[in-house]
Amino acid sequence: MPTPLMTDEECIEAVKLRNQYATTKEAAEASGKGWHWIQRRVKEAERRQLQAKMQKSVEMPTFITEGDEEEPIEEIIDRMSKNFERAKKAQDSRKWFPIAVKEQKPIGVLFVGDPHVDDNGCAWPILRRHAEIAKNTEGMFAVNIGDVANDWGGRLIKKYADQDTSVHTARRLVEWFLLKSGIPWIVWLHGNHQHMGGSMPLHEEMNKRYGTQHVPMLDWEARFILQFPDGAEFRINAAHDFAGNSMWNPIHGAVKAAKFGDNIDVAVCGHKHNWAISQWEQAEQGNSPLMIRVRGYKHLDDYARRIGKYEQEEGQSVLVIFDPNSKTSTGRMTAFVDIEKGADYLTWLRR
Ligand SMILES: [Fe+2]
Ligand SMILES: [Fe+2]
């Protein structure tokens with residue numbers, strides 16, 4: 001038999017009664033309403049969705065409905081949109097950024113291989129000599145290819161126990177190398193070791209020290225154009241490493257970068273701690289790119305020894321002389337592994 005003439009008020013009364021006691025039986029005994037009377041009206045209240053009506057009888061605090069503990073979603077989307085626009089603009093301005101050379105004379109760019117300045121095996125006698133040459137040779141600039149320090153992190157943090165240089169001293173060495181060595185940096189890359197140790201923000205802060213941004217610092221890769229006053233341009237793609245490996249060709253990645261890149265003059269990388277240089281005329285592109293891997297300064301490498309690698313003695317950095325006045329395509333760029341000879345050539349060319 002259908003429940004006759006149950007009013008909303010009765011149903012709400014039954015729910016309130018039921019809520020006051022642990023069981024329907026207790027509520028029935030206390031109120032004298034009867035178990036079935038309460039039970040039916042509670043169910044009917046559910047069916048008629050009277051809870052909302054009941055709530056109107058009290059005033060709830062605003063946080064119940066407004067969720068004031070969280071950032072409004074619209075504001076999150078606004079903020080993310082602004083951040084995206086800022087990051088995209090920053091990325092776009094770093095795509096093939098220009099570096100204007102102020103005189104028409106040839107210049108040299110020393111592509112400095114992985115320094116690992118705090119490593120016990122860092123060839124400091126060679127690095128120091130190269131730094132001196134870069135500092136004292138007119139018309140010479142430098143690009144840091146990344147892995148400036150070991151910056152151990154993750155499970156390799158235990159490797160600090162194997163080196164004599166503390167984190168503090170390592171940071172001092174990096175700061176000297178960046179700001180005080182006199183090396184005329186024009187580009188500075190972060191390598192995988194900076195990723196490992198999370199040291200990129202620290203190095204970027206060092207770069208801003210004394211109130212000026214000293215050198216464009218980029219994560220892993222830079223594409224930039226050396227622009228001379230008469231309009232001559234050299235397009236340089238420098239990366240800590242390029243994708244692609246071959247057991248037969250140590251610069252396979254750089255070859256790929258030159259072949260598939262945007263009219264590249266120099267594709268240069270480091271990271272693998274061996275050196276090689278190639279150059280040939282890409283008739284289909286109408287250029288003769290230099291493809292380079294720099295060895296870096298880490299010697300006495302026990303890891304390399306264990307995986308059966310022989311250590312190269314030279315090619316820690318490679319010096320490229322750019323001659324904007326060259327009459328031939330191949331004469332525009334000349335690479336030197338012997339940095340002193342290259343510096344002498346540059347000085348002679350600029351006489
Ligand atoms: Fe590396
Ligand atoms: Fe390295």
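Just so it is clear, the structure is predicted and the values come from calculations on it, not from any experiment.

## Side note on the overall build of the chain
So, point 1. Along its length, the chain carries 13 helices and 12 strands.
So, point 2. Its C-alpha radius of gyration of 35 Å places the chain more than 25% over the 20 Å reference for a compact globule of 351 residues.
So, point 3. C-alpha extents for the chain along the principal axes are approximately 110 × 50 × 45 Å.
So, point 4. When each of the 351 residues of the chain is scored for burial, the buried share is 33%.
So, point 5. In the chain, of all internal contacts separated by at least 6 residues, the share reaching a separation of at least 24 is 70%.

## Details of the environment of Trp-152
So, point 1. Within the secondary structure layout, Trp-152 lies in the loop between β3 (140–144) and α8 (167–180).
So, point 2. A tally of 21 C-beta atoms within 10 Å means that Trp-152 is categorised as buried.
So, point 3. Aside from chain neighbours lying at most four places away, what touches Trp-152 is Ile-157, Lys-159, Tyr-160, Met-196 and Gly-197.

## Overview of the sheet that holds strand β2 (residues 107–112)
So, point 1. Strand order in the open sheet made by the six strands is β5-β4-β3-β2-β11-β12, with mixed pairing throughout. The sheet is open, and its two borders are formed by β5 (217–219) and β12 (333–336), each paired with just one other strand. Geometrically, the sheet is characterised by an average inter-axis angle of 20° between neighbouring strands, direction not taken into account.
So, point 2. As paired elements, β3 and strand β4 (residues 185–190) share three bridges and run parallel to each other. Along β4, the bridge assignment pairs Val-143 with Val-187.

## Side note on the domain arrangement of the chain
Interface size is commonly expressed as the accessible area that is lost once the parts come together.
So, point 1. Here the chain is described as being made up of domain 1 (8–66) and domain 2 (94–349).
So, point 2. Using C-alpha coordinates to define each centre, domain 1 is positioned 77 Å away from domain 2.

## Quick look at the nonpolar core
So, point 1. Phe-111, Ala-238, Ala-254, Val-266, Ile-292 and Val-320 are the most contacted members of the largest nonpolar core, which has 64 residues in total.
So, point 2. Not counting the four nearest positions on each side in its chain, Ile-292 is found in contact with Phe-111, Ile-251, Ala-254, Val-266, Val-268, Ile-277, Val-318 and Ala-335.

## A short note on the packing of helix α1 (residues 8–20) against helix α3 (residues 35–47)
Helix packing geometry: the angle between the two helix axes and the distance between the axes.
So, point 1. Where α1 contacts α3, the two axes come as close as 8 Å, and the packing angle between them is 110°. Viewed along their axes, α1 and α3 adopt a mutual orientation that is roughly perpendicular. Where α1 approaches α3, its residues Glu-10, Cys-11, Ile-12, Ala-14, Val-15, Leu-17 and Arg-18 are matched on the opposing element by Ile-38, Arg-41, Val-42, Glu-44 and Ala-45.
So, point 2. Among the residues forming the contact of α1 with α3, the class breakdown is eight nonpolar, no polar and four charged.

## Looking at the pairing of β2
So, point 1. For β2, the tally of buried residues reaches six of six residues, placing the bulk of the element in the interior.
So, point 2. In this sheet, strand β11 (residues 317–322) lies alongside β2 in antiparallel orientation, the contact comprising six bridges. When the bridges of β11 are listed, Ile-107 appears paired with Phe-322.
So, point 3. The pairing of β2 with β3 spans five bridges and is classified as parallel. Along β3, the bridge assignment pairs Leu-110 with Ala-142.
So, point 4. For the crossover from β2 across helix α7 (residues 124–136) to β3, the handedness is right-handed.

## Description of the environment of Glu-204
So, point 1. In this fold, Glu-204 is placed in helix α10 (residues 200–208).
So, point 2. In this structure the C-alpha to C-alpha distance between Glu-204 and Pro-229, which are 25 residues apart in sequence, comes to 30 Å.

## Digging into the environment of Lys-95
So, point 1. With respect to the element layout, Lys-95 can be found in the loop between α6 (73–93) and β1 (97–100).
So, point 2. Each C-alpha atom, one on Lys-95 and one on Ile-225, is 9.8 Å from the other, the two residues being 130 residues apart in sequence.

## Considerations on the sheet that holds strand β9 (residues 276–279)
Hydrogen bonding along the main chain pairs the strands of a sheet, whether they run parallel or antiparallel.
So, point 1. Taking strand neighbours across the sheet as the criterion, the six strands line up as β1-β6-β7-β8-β10-β9 in an open arrangement whose pairing is mixed. Pairing within the sheet leaves two strands with one partner each, and these edge strands are β1 and β9. In this sheet, neighbouring strand axes are inclined to one another by 20° on average, regardless of whether the strands run parallel or antiparallel.
So, point 2. Note: β9 against strand β10 (residues 290–293), four bridges, orientation antiparallel. Looking at β10, one finds that Ile-277 is bridged to Ile-292.
So, point 3. Contacts between helix α11 (residues 252–260) and the sheet are confined to β7 (233–239), β8 (266–269), β9 and β10, with β8 contributing the most and set at about 150° to the helix.

## A few points about unusual backbone geometry
Outside of glycine, negative phi angles account for most residues, and trans bonds account for most peptide bonds.
So, point 1. Located in the positive-phi region is His-116, a residue other than glycine, with phi close to 45°.
So, point 2. For His-116, a count of 26 C-beta atoms within 10 Å puts it in the buried group.
So, point 3. Residue His-273 is not a glycine yet carries a positive backbone phi of 65°.
So, point 4. Checked against the element boundaries, His-273 lands in the loop between β8 and β9.

What counts, and at which threshold
- Residues numbered from 1 in each chain as written.
- Chains lettered and ligands numbered in written order.
- Predicted model: local features only at pLDDT ≥ 70, side-chain atom pairs only at ≥ 80, totals over all residues.
- Helix = DSSP H or I, 4+ residues; strand = E, 2+ residues; numbered from the N terminus.
- Rg over C-alpha atoms; globule rule 2.2 N^0.38 Å.
- Buried ≥ 20, exposed ≤ 12 C-beta atoms within 10 Å, placed from the backbone.
- Contact = placed C-beta atoms within 7 Å.
- Pairing = 2+ DSSP bridges.
- Axes fitted to C-alpha atoms, helices over the stretch in contact; angles between N-to-C directions.
- Domains from an automatic or database assignment.
- Core = buried A, V, L, I, M, F, W, Y, C linked by C-beta atoms within 7 Å.
- Parallel < 35°, antiparallel > 145°, perpendicular 65-115°, else oblique.
- Nonpolar A, V, L, I, M, F, W, Y, C, P; charged D, E, K, R; others polar.
- Right-handed = clockwise from strand over helix to strand, strands pointing away.

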